[in-house]
Amino acid sequence: MPSEETGRLLVVDSDAAGQQELLSELAHLRYAVEAAANASEALELAEASKPDIVLVALEARGMDGFEILGQLKALLPAATLIAVGASASTDSTVEAMRAGADRYLTRPLRADALALVLERSLRKAGTASAMLPGRLDHIVGAHPAIQRLFNRLLQAAKSRSTILIQGETGTGKELIARAVHEHSTRREGPLVRLNCAALAESVLESELFGHEKGAFTGASTRRRGRFEQADGGTLFLDELSEMPLSVQVKLLRFLQEKEFERVGGNETITVNVRVIAATNRDLRSLVDDGSFREDLYFRLKVVVLEVPPLRARPSDIPLLADHFLRVYSEENGKHLHGFTPRAREALLAYPWPGNVRELQHAIEQAVVLCEGDQIGTEDLPIEPPDREVEPLSLMVPGVTLAEVERYTIMRTLEAVGGSPTKAAKILGISKRTIQYRLQEWGHIKKG
Ligand SMILES: Nc1ncnc2c1ncn2[C@@H]1O[C@H](COP(=O)(O)OP(=O)(O)OP(=O)(O)O)[C@@H](O)[C@H]1O
Ligand SMILES: [Mg+2]
């Protein structure tokens, strides 16, 4: 698992005692801190580590803090620059701001004031990084399908609406849920998660809504449920399809009336909670076979974030592979130079039924096993797609027209050695149609 990312900080102070003061104030905060003692060190580290925040001492001997601020501003336009001065005079504040500082702090620094400024700056940095091309926060994805999802996510996050996240296993539903919370006005509030599949029916109800003392055998005290814990924030209900019908009724009531009672209680409790639910099953078909309430389904269907499977966004495969390669190389202290061309091909051709999670594990394993300086096919735990999996005959009735189409196109392509032009002739369709379908099925990269 990649570790929780905190901010990167750079301290610039030529004076050893002053530098020590800054560093010791920062010591108990969870930042990755580096220190520079002069302008050239500062610029070098700024370039190499791209810090989110830089603290620059203004009156340190042998360096011009104001000039350094200006240079850093040009080098790191998105970073927060904090000038640290000896006096709180208006003049020096204004001069520091002119030079490029975003904030001005005076010595002696107070740890709590510093922590507050850093928190704010990081949040600013977080919003900025949300707009970087190819990702949303820590979620990697440049394919148009996932970019559309990011846009919908940012829009939906601002509302109070209940959100349903749908997608196959390992597509990143939990990351998406977190991002919704982080980009909502509730980000300061709690994000409480409950996996509906992990608990038995009776336990799930009291876990969600809490219970009164004596509500059932073993309920020796009153207990607040997850809804109460999430007050002012977000409740993330994972694997919603596994929620029993009896609990679904109570959830529906909460979504409509914003209220509920604890198990065994009469008091009606109102909380301010946004619900995000996730599922990797098709709720519509669960409604059809009676294991999911239709009214709840319609209530949840209003805002749906559909996370596309990895094979539907093949251009993200190399991006994600490089991302995980960086993460796990660092974690394992290895210096690897990417993938061999054949390994890249294998990654692209594989259908990734376990989606991003499967890719993540594959790269982690490859990094650990790799003995050279590049990941090769022999390091990857995947086989080229197995042709025998394709059905040899199609059951009619029983098969969908889409399956017939896919089967026919793939078999024709195989017979003509993969040439879309030849296949198109035989099938009586355009070459364009074949290419479009292949993209859709994740067999080739979008151009
Ligand atoms: N776009 C992405 N960028 C970076 N990491 C990702 C991305 N999508 C998923 N991951 C990583 O893949 C793993 C699986 O993601 P996650 O747990 O969110 O999947 P899920 O959709 O909730 O799966 P399941 O239905 O099995 O619970 C996590 O480690 C997550 O960090
Ligand atoms: Mg999940």
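The structure under discussion appears in the preceding block.
Residues numbered from 1 in each chain as written. Chains lettered and ligands numbered in written order. Predicted model: local features only at pLDDT ≥ 70, side-chain atom pairs only at ≥ 80, totals over all residues. Heavy atoms only, no water.

Some thoughts on the overall build of the protein
Applicable threshold: Secondary structure counts use DSSP, requiring at least four H or I residues in a row for a helix and at least two E residues in a row for a strand, with both numbered from the N terminus. Three exposure classes are used, based on accessible area relative to the maximum for each residue type with a 1.4 Å probe and protein chains only: buried under 20%, partly exposed in between, and exposed over 50%. Contacts are assigned to residue pairs with any non-hydrogen atoms lying within 4.5 Å of each other. For the area figures, the Shrake-Rupley method with a 1.4 Å probe applies, and any residue is considered shielded solely by the protein chains shown. Positive: Lys, Arg. Negative: Asp, Glu. His and the chain ends are not part of the count. A single reference atom marks each charge: NZ on Lys, CZ on Arg, CG on Asp, CD on Glu.
Per the secondary structure count, the protein includes 18 helices and 14 strands. Considering only C-alpha atoms, the protein reaches an extent of 85 × 70 × 40 Å along its principal axes. By residue count, 44% of the 447 residues in the protein fall in the buried class. Summarising the internal contacts of the protein: among those between residues at least 6 apart in sequence, 67% fall at separations of at least 24. Only carbon and sulfur atoms are counted for the fraction: they give 52% of the accessible area of the protein, which is about 23100 Å². Side chains of the protein give 54 positive and 62 negative charges; the mean places of these two sets differ by 6 Å.

Some words on the pattern of salt bridges
To keep it simple, the criterion reads: When a carboxyl oxygen of Asp or Glu is within 4 Å of a side-chain nitrogen of Lys or Arg, the pair counts as a salt bridge.
Enumeration according to the criterion identifies 24 salt bridges in this entry. Taking the shortest distance from any N to any O, the salt bridge between Asp 13 and Arg 107 comes out at 2.8 Å. You can see Asp 13 sitting in the loop between β1 (8–12) and α1 (16–26) and its partner Arg 107 sitting in the loop between β5 (103–106) and α5 (111–129), a full 94 residues away along the chain. On the basis of relative accessibility, which here comes to 1%, the residue Asp 13 falls in the buried class. When its relative accessible area of 25% is taken as the criterion, Arg 107 is described as partly exposed. Note that Glu 212 and Arg 222 form a salt bridge whose closest N and O atoms lie 3.1 Å from each other. A residue pair is termed long-range when its members are at least 10 positions apart, and Glu 212 in the loop between α8 (201–209) and α9 (226–229) and Arg 222 in the loop between α8 and α9 qualify at 10 residues.

Quick word on the sheet that holds strand β13 (residues 274–279)
Note the cut-off: For two strands to be treated as a pair, DSSP must find no fewer than two bridges joining them. In this description, a line fitted to the C-alpha atoms serves as the axis of each element, helices being fitted only across the stretch in contact, and the angle between N-to-C directions of two axes falls anywhere from 0 to 180 degrees.
Read from one edge of the open sheet, five strands run β9-β10-β13-β8-β14, paired in parallel fashion. The outermost strands of the open sheet, each flanked by one partner alone, are β9 (191–195) and β14 (304–307). Direction aside, the axes of adjacent strands within the sheet are offset by 20° on average. With five bridges joining them, β9 and strand β10 (residues 234–238) adopt parallel strand pairing. Across the sheet, residue Arg 193 finds its bridge partner in β10, namely Phe 236. Packed onto the sheet, helix α7 (residues 173–182) meets β8 (163–167), β9, β10, β13 and β14 and runs at close to 155° relative to β8.

Brief notes about the packing of aromatic side chains
For clarity, the threshold we go by: Any pair of Phe, Tyr and Trp rings, taking the six-membered ring for Trp, is counted once the centres come within 6.5 Å. Such a pair is stacked with planes under 30 degrees apart, edge-to-face with planes over 60 apart, and tilted for the rest. The rule is short: NZ of Lys or CZ of Arg within 6 Å of the ring centre and within 35 degrees of the ring normal puts a charge over the ring.
Counting across every chain of the model gives eight aromatic pairs. Where Phe 227 meets Phe 260, the ring centres are 5.6 Å apart and the plane angle is 40°; that geometry is what we call tilted. With Phe 227 in helix α9 and Phe 260 in strand β11 (residues 259–261), the pair connects residues that are 33 residues apart, well separated along the chain. Each member of the pair, Phe 227 as well as Phe 260, carries the same accessibility label: buried. Taken together, a centroid distance of 6.3 Å and an interplanar angle of 55° make the contact between Phe 254 and Phe 260 tilted. The lysine or arginine in question, Lys 250, covers the ring of Phe 209, its NZ or CZ lying 4.7 Å from the ring centre.

Description of the site of ligand 1
The line we're drawing: Near, as used in this document, describes a residue that has one of its heavy atoms within 4 Å of the molecule or strand being considered. By the criterion applied in these results, polar contacts are pairs of N or O atoms within 3.5 Å in which, for protein atoms, one can donate a hydrogen and the other can accept it, and in which residues neighboring in sequence qualify only through two side-chain atoms. Amino acids outside the nonpolar list (Ala, Val, Leu, Ile, Met, Phe, Trp, Tyr, Cys, Pro) and the charged list (Asp, Glu, Lys, Arg) are all regarded as polar, and Gly is one of them.
Lining the immediate surroundings of ligand 1 are 18 residues, of which Val 140, Thr 169, Gly 170, Lys 173 and Gln 360 lie closest. For ligand 1, an oxygen atom lies 3.3 Å from a polar atom in the backbone of Thr 171. Note that an oxygen atom of ligand 1 is positioned 3.1 Å from one of the backbone N or O atoms of Gly 172. When ligand 1 sits alone it has 630 Å² of accessible area, and the protein chains cover 88% of it. Residue assignment for the shell around ligand 1 shows that the elements contributing at least two residues are β7 (139–140), α7, α13 (316–332) and α15 (355–369). Split into classes, the residues belonging to the shell around ligand 1 amount to seven nonpolar, seven polar and four charged.

A short note on the sheet that holds strand β4 (residues 80–85)
Strand order in the open sheet made by the five strands is β2-β1-β3-β4-β5, with parallel pairing throughout. At either end of the open sheet lies a strand with only one pairing partner, and these are β2 (32–36) and β5. Pairwise comparison of adjacent strand axes, ignoring direction, gives a mean angle of 20° for this sheet. Of the strand pairs in this sheet, β1 and β2 are connected by five bridges, and their pairing is parallel. Following the sheet pairing, Arg 8 is matched in β2 by Ala 32. Each of β1, β3 (53–57) and β4 touches helix α3 (residues 65–75); the most contacted strand, β3, lies at about 160° to it.

A short note on the packing of α3 against helix α4 (residues 90–99)
It is the contact of α3 with α4, at a shortest axis distance of 8 Å, that shows an interaxial angle of 35°. Counting all contacts with α3, which are made through Phe 66, Leu 69 and Gly 70, the residues of α4 involved are Ser 92, Glu 95, Ala 96 and Ala 99. Of the residues assigned to the contact of α3 with α4, the class counts are four nonpolar, two polar and one charged.

Points about α3
Since the α-helix packs 3.6 residues into each turn, any two residues three or four apart lie on the same face. Rules: Here the arc refers to the set of directions running from the helix axis out to each C-beta atom.
Turning to α3, its buried residues number three or more, namely Gly 65, Ile 68, Leu 69 and Leu 72. All buried residues of α3 project into a common sector of 105° when viewed along the axis, lining one side. Packing partners of the buried residues in α3 comprise β1, α2 (39–49), β3, β4 and α4.

Things to note about the environment of His 335
For His 335, the location among the structural elements is in the loop between α13 and α14 (341–349). Put simply, His 335 and Val 367 are 32 residues apart on the chain and 9.7 Å apart in space, counted from C-alpha to C-alpha.

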